[in-house]
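Listed below, chain by chain, are the residues.
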Amino acid sequence: MRGRICLAGVAALVVSGCAAQDPGPVTMPRVEPVVLDVPAASSGGACRLLDFAVIDKHTGERFDVAASSSRGDTHTCVVRAERALLPELALIVSATSIDVAGFTADVQPGGARKVSKLGRAGYRRTASAAAGHGPVAEVGWLAAGDRLATLRWTLPKGADRAAADELAERLVGLAQTVDTRAL
């Protein structure tokens, strides 16, 4: 019994001591957000074939966001700057059984320019602006390992076709760095 009274007394002192003190609001020091430079490859899929620094080197554009998707034997990656919807760069890689003649006849768009030293066969082209975006530069190629690959750069609204033509040239250099066998 004496132990219970003692325990009740200690509990009353602890509770009353805690209630008597009002510490006020706790202020935390201001900390700047931590910014991480995450590589495009961390998004998986076809993004494993791209590197933000290599894209910047070949195109002069700095991207920092990547997203990938895969369906069956087709892998895609879209990269863009965090604060802008356009420009964006898309890489699409699909398994194929097509040969060079089939690629030239069935895949290469009419009016596209042939590109040498890009896979087994390659092309580059530009397309006009459409609703919601500017012109598009595209490079496609029949890659080693029975892969069909396309790099497609969509410019912002208001960009001119000459900018897309110039960009298509630079995309060829970027395409030459993409090793589709790594998928």
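Here, every reference points to the structure presented above.
Residues numbered from 1 in each chain as written. Predicted model: local features only at pLDDT ≥ 70, side-chain atom pairs only at ≥ 80, totals over all residues. Heavy atoms only, no water.

S.K.: Run through unusual backbone geometry, naming residues and quoting values.
M.R.: With an omega of 5 degrees, the peptide bond between Leu86 and Pro87 qualifies as cis. Within the secondary structure, Pro87 sits in the loop between strand S2 (74–80) and strand S3 (88–95). Of note in the backbone geometry, Lys117 takes a positive phi value of approximately 60 degrees without being a glycine. With respect to the helices and strands, Lys117 occurs in the loop between strand S4 (113–114) and strand S5 (121–127). Judged by relative accessible area, which is 77%, Lys117 ranks as exposed. A positive phi angle, near 55 degrees, is found at Asp146, a position not held by glycine. We classify Asp146 as partly exposed; its relative accessible area is 41%. (Helix = DSSP H or I, 4+ residues; strand = E, 2+ residues; numbered from the N terminus. Buried < 20%, exposed > 50% of the residue type's maximum accessible area, 1.4 Å probe, protein only.)

S.K.: Residues and numbers for the packing of helix H2 (residues 52–59) against helix H4 (residues 161–175), please.
M.R.: Between H2 and H4, the least distance of the axes is 8 Å, while the angle of their chain directions is 140 degrees. Here H2 is positioned oblique relative to H4, judged by the angle of their axes. H4 is crossed by H2, and the crossing has right-handed handedness. Contact residues: H2 offers Val54, Ile55, His58 and Thr59, while H4 offers Leu167, Arg170, Leu171, Gly173 and Leu174. For the contact of H2 with H4, the per-class residue count stands at five nonpolar, three polar and one charged. (Axes fitted to C-alpha atoms, helices over the stretch in contact; angles between N-to-C directions. Parallel < 35°, antiparallel > 145°, perpendicular 65-115°, else oblique. Left-handed = near helix turned anticlockwise from the far one by under 90°. Contact = heavy atoms within 4.5 Å. Nonpolar A, V, L, I, M, F, W, Y, C, P; charged D, E, K, R; others polar.)

S.K.: Pulling in residues and values, what's your account of the state of the cysteines?
M.R.: With the rule as written, the count across this model stands at one disulfide. Bridging Cys47 to Cys77, the disulfide has an S-S length of 2.0 Å. Around the S-S axis, the bridge from Cys47 to Cys77 shows a dihedral of about 95 degrees and counts as right-handed. Here Cys77 lies in strand S2 and Cys47 lies in the loop between helix H1 (2–20) and H2, a separation of 30 residues in the sequence. (Disulfide = S-S within 2.5 Å.)

S.K.: Kindly report on the sheet that holds S5, identifying the contributing residues and their values.
M.R.: The seven strands lie next to each other as S1-S2-S3-S7-S6-S5-S4, forming an open sheet whose pairing is antiparallel. Lying at the two open borders of the sheet, with one neighbouring strand each, are strand S1 (65–71) and S4. Along the sheet, H4 makes contact with S3, S4, S5, strand S6 (136–143) and strand S7 (147–154), crossing S6 at roughly 25 degrees. (Pairing = 2+ DSSP bridges.)

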